[in-house]
Amino acid sequence: MGVGSEGHEGEGGGLRKRRGCGCSCTKNDFLPEESFQSWGSYVNAVMETPARFINRLTTRSLDQTELYEVKARSQHEMKKTLNWWDLMWFGIGAVIGAGIFVLTGLEARDDAGPAVVLSYAVSGVSAMLSVFCYTEFAVEIPVAGGSFAYLRVELGDFMAFVAAGNILLEYVIGGAAVARSWTSYFATLCNHSPNDFRINVHHLSPDYSHLDPIAVVVISIICVLAVLSIKGSSRFNYFASIIHVAIIVFIIIAGLTKAEAKNYSSFVPFGPRGIFRASAVLFFAYVGFDAVSTMAEETKNPGRDIPIGLVGSMIITTTAYCLMAIALCLMQPYSQLDPDAPYTVAFEKVGMGWAKYIVAIGALEGMTTVLLVGAVGQARYLTHIARTHMMPPWLAQVNEHTGTPVNATIVMMIATAIIAFFTGLDILANLLSISTLFIFMLVAVALIVRRYYVSGVTTTTNRNRLIFCIVLILGSAIATAAYWGASSKGWIAYVITGPIWLLATVVLWLFVPQARAPKIWGSH
């Protein structure tokens, strides 16, 4: 089966490898395909577009192709220096950012009340299920491409191409949003308004008129760290995350010392629906763990280290979020929580105004590690995408001395810096949500396909049953979500969509034999 790219193999199917330091800049580094070698070749390729599209739509890669042939196109190996301890702290650094310091107050006040702790637990369980999917893939296909490589193997080139755009959008937009937030919290620490540190250009649109040079400087520093060494990035993330966790522990303990049980007298003021409505928003406080899966190629023992690192970091994160939510709602009645700076205002109300500086430092630490892990993850995504020639292979080059994808890191950080310099936070937040959920959904579907479909093994009947079950599962889930959003009190649709989802799952389990058992993670 092909790998979905042309012009990369030599005689006998061997891989052509260029000599050099990995920083060449020739035509073949940007346009390597045979289609671009002459105008005649290009015209012929255009004429073949329909056939090529069908091939892309149906072609799936192989585990071994991703692990050896595709990886070899980077010319130099990434250095295997990470263990489970590094990955666990990378996971903590990637997930615990500024969201916890803002979202908790907003959702407790408007949707869940003190039961926001249950919302965090529900979101944590949902995130953990996604972690399980990523973990199974990462231990069996330990390459830098993360979800892009997994989708290319199981759902084919076309779906991987669609996912690649969403992945890169997610990281660029997410990084820009965090960098803009970094400026806001830095301004708070300095007792200034965020716009005091931004340049206001009046003739631009209001959403793009507040230029943020501090965000650009922060992104530039993060870029240098990510380029120099993955182990150095790990050490920096480790120490920064320790400080961040220490501040979280302080917030929890200090908050509980000012706790008043009467603030929990009305625990579920908005009912069960409010708990789940809040959990849908709070899920985004868990986003970022997928970046850790892109480090599988640099992990010493992926089969052991990735499960411990990913699952361990998610358990720690969920526990910290729940305890912080409990402390906040015990300090102050949920109806009086500030939607923008809940912890700062709550500490001021109980006579600990000085604690707002500790909260601001904690938020800055969290956002710094989120930016660093995001920079590492997005560069490795782009590296593997470029290895498949969906992007110029110049971006796939790994530096011989640092063992890091320097070109991909710099290009992604430049894109992030440009967006962060111009664009307001509300615009960035609206762009981020759907992209993230779309990728998580595709990875879950890909894992089902991996378990139940293997070319040449699965019969046509079982393949059709699998497709039928997946369509029913996805359809019922989409219908349930649509009805949830459209009706605040109705229930009749759940009586229909719930049993359909359950029936499809049971049919898949009982009547479609597994074609492939997990080799390491998830095996019995």
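Conventions we followed
Residues numbered from 1 in each chain as written. Predicted model: local features only at pLDDT ≥ 70, side-chain atom pairs only at ≥ 80, totals over all residues. Heavy atoms only, no water. Helix = DSSP H or I, 4+ residues; strand = E, 2+ residues; numbered from the N terminus. Rg over C-alpha atoms; globule rule 2.2 N^0.38 Å. Buried < 20%, exposed > 50% of the residue type's maximum accessible area, 1.4 Å probe, protein only. Contact = heavy atoms within 4.5 Å. Areas by Shrake-Rupley, 256 points an atom, 1.4 Å probe, with all protein chains shown as cover. Lys, Arg positive; Asp, Glu negative; His and termini not counted. Charge placed at Lys NZ, Arg CZ, Asp CG, Glu CD. Salt bridge = Lys/Arg side-chain N within 4 Å of Asp/Glu carboxyl O. Patch = residues over 30% accessible without salt bridge, like charges linked within 9 Å, V, L, I, M, F, W, Y side chains within 5 Å. Disulfide = S-S within 2.5 Å. Phe/Tyr/Trp six-rings, centres within 6.5 Å; stacked < 30°, edge-to-face > 60°. Lys NZ or Arg CZ within 6 Å of the ring centre and 35° of its normal. pLDDT = per-residue confidence, 0-100. Axes fitted to C-alpha atoms, helices over the stretch in contact; angles between N-to-C directions. Parallel < 35°, antiparallel > 145°, perpendicular 65-115°, else oblique. Nonpolar A, V, L, I, M, F, W, Y, C, P; charged D, E, K, R; others polar. Expected span 1.5 Å × (residues − 1). Polar contact = N/O pair within 3.5 Å; in protein donor to acceptor, adjacent residues only side chain to side chain. Arc of directions from axis to C-beta.

Across its full length, the protein holds 19 helices and 2 strands. Computed over its C-alpha atoms, the radius of gyration of the protein comes to 24 Å, within 12% of the 24 Å expected for a compact globule of 524 residues. If one aligns the C-alpha atoms of the protein with their principal axes, the spans along those axes are about 75 × 55 × 50 Å. Going through the 524 residues of the protein one by one, you find that 52% of them count as buried. Considering only residue pairs separated by 6 or more positions, the protein has 83% of its internal contacts joining residues 24 or more positions apart. In the structure as shown, the protein presents an accessible area of about 22,600 Å², 68% of it carried by carbon and sulfur atoms. Positive and negative side-chain charges of the protein, numbering 35 and 34 respectively, have mean locations separated by a distance of 4 Å.

For the structure on display, the rule yields 17 salt bridges. With a closest N to O distance of 2.9 Å, E136 and R451 form a salt bridge. Taken together, the residues E136 in helix α6 (residues 116–140) and R451 in helix α17 (residues 425–452) connect sequence positions 315 residues apart. No difference in accessibility class separates E136 from R451, as the two residues are buried.

Moving on: unusual backbone geometry. Positive phi, normally seen in glycine, also occurs at N191, with a value near 60°. Considering the arrangement of structural elements, one finds N191 in the loop between α8 (157–189) and β1 (199–200). Phi is positive for H389, close to 70°, though the residue is something other than glycine. Position of H389 relative to the elements: it lies in the loop between α15 (355–387) and α16 (406–422).

There is a patch of nonpolar side chains on the surface, built from F30, L31, F36, W39, Y42, V43, V46 and M47 and spanning about 830 Å² of accessible area. Checked against the element boundaries, V46 lands in helix α1 (residues 39–47).

Let's shift gears to the state of the cysteines. For the structure shown, the criterion picks out 0 disulfides. With no disulfide partner, C133 has as its closest neighbouring cysteine sulfur the one in C469, 17 Å distant. We note that C322 lacks a disulfide partner, and the nearest cysteine sulfur, in C329, lies 12 Å from it.

What follows is about the packing of aromatic side chains. Counted according to the given criterion, the structure contains 25 aromatic pairs. Consider the rings of W85 and W89, whose centres lie 5.9 Å apart with planes at 70°: the pair is edge-to-face. Remark: W89 and W85 occur in helix α4 (residues 84–95); sequence separation between them is 4 residues, near one turn of the helix. In this structure W85 comes out as partly exposed when scored by relative accessible area, which is 35%. Centroid distance Y171 to Y381: 5.5 Å. Interplanar angle 50°. Geometry classified as tilted. Here Y171 is found in helix α8, whereas its partner Y381 is found in helix α15, with 210 residues between them in sequence. The class of Y171 is buried, set by a relative accessible area of 9%. Following the ring pairs from residue to residue traces out a cluster consisting of Y134, F137, Y150, F283, F284, F289 and F440. Lying over the aromatic face of W484, R273 brings its terminal NZ or CZ to 4.0 Å of the ring centre.

For the protein, per-residue confidence averages 84 on the pLDDT scale, and residues scoring 70 or more make up 92% of the total. Between residues 1–22, whose pLDDT stays under 50, and residues either more than four places distant or in other chains, the model counts 55 contacts.

The next point concerns the packing of helix α3 (residues 63–72) against helix α7 (residues 147–154). It is the contact of α3 with α7, at a shortest axis distance of 9 Å, that shows an interaxial angle of 130°. In terms of orientation, α3 and α7 fall into the oblique class. Within the contact between the two elements, α3 uses D63, E66 and V70 and α7 uses A149, R152 and V153. For the contact of α3 with α7, the residue count by class is 3 nonpolar, no polar and 3 charged.

On to helix α10 (residues 230–257). Here α10 spans 40 Å end to end across 28 residues, near enough to the 40 Å set by a 1.5 Å rise per residue. Put simply, S229 is the residue that caps the front of α10, since its side-chain oxygen is 3.2 Å from the backbone nitrogen of K231.

Quick look at helix α19 (residues 492–511) now. Spanning 20 residues, α19 covers 29 Å between terminal C-alpha atoms, matching the ideal 28 Å at 1.5 Å per step. If you check which residues of α19 are buried, you get A493, T497, A504 and L508. All buried residues of α19 fall inside an arc of 35° around its axis, so they share one side. Turned more than 90 degrees away from the buried face of α19, the exposed residues are L503, W509 and L510.

What follows deals with the side chain of D86. The topology assignment puts D86 in helix α4. When its relative accessible area of 9% is taken as the criterion, D86 is described as buried. Looking at D86, its side chain comes within polar contact range of the side chain of K231, at 2.8 Å. With residues near it in sequence (within four places) discarded, D86 still touches T81, K231 and S234.

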